[in-house]
Protein chains: 2
Amino acid sequence: METRIERIKSQLHSQKYKLTPQREATVRVLLENEKDHLSAEDVYLLVKDKAPEIGLATVYRTLELLTELKVVDKINFGDGVSRYDLRQEGAAHFHHHLVCIECGAVDEIQEDLLGDVEKVVEKGWNFLIKDHRLTFHGICYRCQEKNDKE
Amino acid sequence: METRIERIKSQLHSQKYKLTPQREATVRVLLENEKDHLSAEDVYLLVKDKAPEIGLATVYRTLELLTELKVVDKINFGDGVSRYDLRQEGAAHFHHHLVCIECGAVDEIQEDLLGDVEKVVEKGWNFLIKDHRLTFHGICYRCQEKNDKE
DNA sequence: GTGTGTGCAAAGCTTTTGCAGACCC
DNA sequence: GGGTCTGCAAAAGCTTTGCACACAC
């Protein structure tokens, strides 16, 4: 059974890139924190535990590389930093996000909710869709419960 | 008949803010370029024609103020700059965008396509939606035509 | 005169780039 | 040895902040 890391390694090799120790450490951090939405700085701090010598520039370069390979998606919730989010293997489209405006939590929706909407857009606006970004801003179930108790 | 500017002026006054000449010039630039998605720098350069003394910091401060008042929305297409987009008066939700990955054009969809999707999310994920951001990345009709001719 | 608003310059952030050295086949 | 890759430091954005001055009531 091939592991996820090995598949990413093959993907790198197929484009003549190497899976260096620094790159591997970065990918492992991403895999271990799949649910979070880490900024480059976050990734850097976590990678330093595994590879203390690594530089921030290398993390940026690796994240850019992984974005190019579509292993991760670079996302932006409007707070001034880019975040990097592992793409689900085999996912045709990027997943959606729920950003809580009270506590800042970011939850994910893996289901594809936009199938019908995309058809409407492709036909109605004559636009050939390659990807999408959908983010809802509102109040998460945790904050709703908290507010109800008060 | 009250103009758009006057309504914005009232909105400012109701929050104890003034519509200074600089703020008015900035708002006018936004109104005159409603279809574009201007960055702060873009706005600054255009405002300078009307009010040459204005500083970039004032433009930033004004745009922040207008964002707070929900006159404009601060958006981000992942190119490293924030853009400011006039919110349609009375629109319950923010409109959607079509970003062309070939020519960079940004078109708008004013129709609300997410009514059903929002119901699904609110029920299924127990999330109280306040706003959304939906952007499609793909190829616009102009580039499709151009590609067909080649 | 008190408070808000402004312009300028400086500072703060995140992110990118230049470069010399390290590493690998 | 020729390529890729890396770490460090510097540079390059975009955006915010500090401060003294201007203006309005």
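Owing to the predicted nature of the structure, the values given are computational and were not obtained by experimental measurement. (Residues numbered from 1 in each chain as written. Chains lettered and ligands numbered in written order. Predicted model: local features only at pLDDT ≥ 70, side-chain atom pairs only at ≥ 80, totals over all residues. Heavy atoms only, no water.)

Visitor: Give me helix 4 (residues 56–68) of chain B: which residues, what numbers.
Guide: Residues and elements named next belong to chain B. For helix 4, with 13 residues, the first-to-last C-alpha span of 18 Å sits near the 18 Å given by 1.5 Å per residue. Along helix 4, the residues that are buried comprise Val 59, Thr 62, Leu 63, Leu 65 and Leu 66. End-on, the buried residues of helix 4 take up no more than an arc of 160°, which puts them together on one face. Facing away from the buried side of helix 4 by over 90 degrees, the exposed positions are Arg 61 and Glu 64. Taken together, the buried residues of helix 4 touch helix 1 (4–14), helix 2 (21–32), helix 3 (40–50), strand 2 (72–76) and strand 3 (82–86). Phi turns positive, to about 65°, at Lys 70, one or two residues after helix 4. (Helix = DSSP H or I, 4+ residues; strand = E, 2+ residues; numbered from the N terminus. Expected span 1.5 Å × (residues − 1). Buried < 20%, exposed > 50% of the residue type's maximum accessible area, 1.4 Å probe, protein only. Arc of directions from axis to C-beta. Contact = heavy atoms within 4.5 Å.)

Visitor: I'd like to hear about the interface of chain B and chain A, residue by residue, with values.
Guide: Counting residues at the interface gives 32 residues for chain B, matched by 32 residues for chain A. Taking both sides of the interface into account, the surface hidden between chain B and chain A amounts to around 2800 Å²; carbon and sulfur atoms contribute 72%. Applying the counting rule to chain B against chain A returns zero salt bridges. Counting across the chain B and chain A interface gives 10 residue pairs in polar contact (both at pLDDT 80 or more). Of all the secondary-structure elements, those providing two or more residues to the side of chain B that touches chain A are strand 4 (96–100), strand 5 (106–109), helix 5 (115–125), strand 6 (128–139) and helix 6 (141–149) of chain B. Top element by residues in the side of chain B that touches chain A is strand 6 of chain B. It accounts for 12 residues. In this sheet, strand 6 of chain B lies alongside strand 6 (residues 128–139) of chain A in antiparallel orientation, the contact comprising 11 bridges. Each bridged residue has a counterpart across the sheet, and for A:Thr135 the counterpart in strand 6 of chain B is B:Arg133. (Buried area = accessible area lost by both parts, 1.4 Å probe. Salt bridge = Lys/Arg side-chain N within 4 Å of Asp/Glu carboxyl O. Polar contact = N/O pair within 3.5 Å; in protein donor to acceptor, adjacent residues only side chain to side chain. Pairing = 2+ DSSP bridges.)

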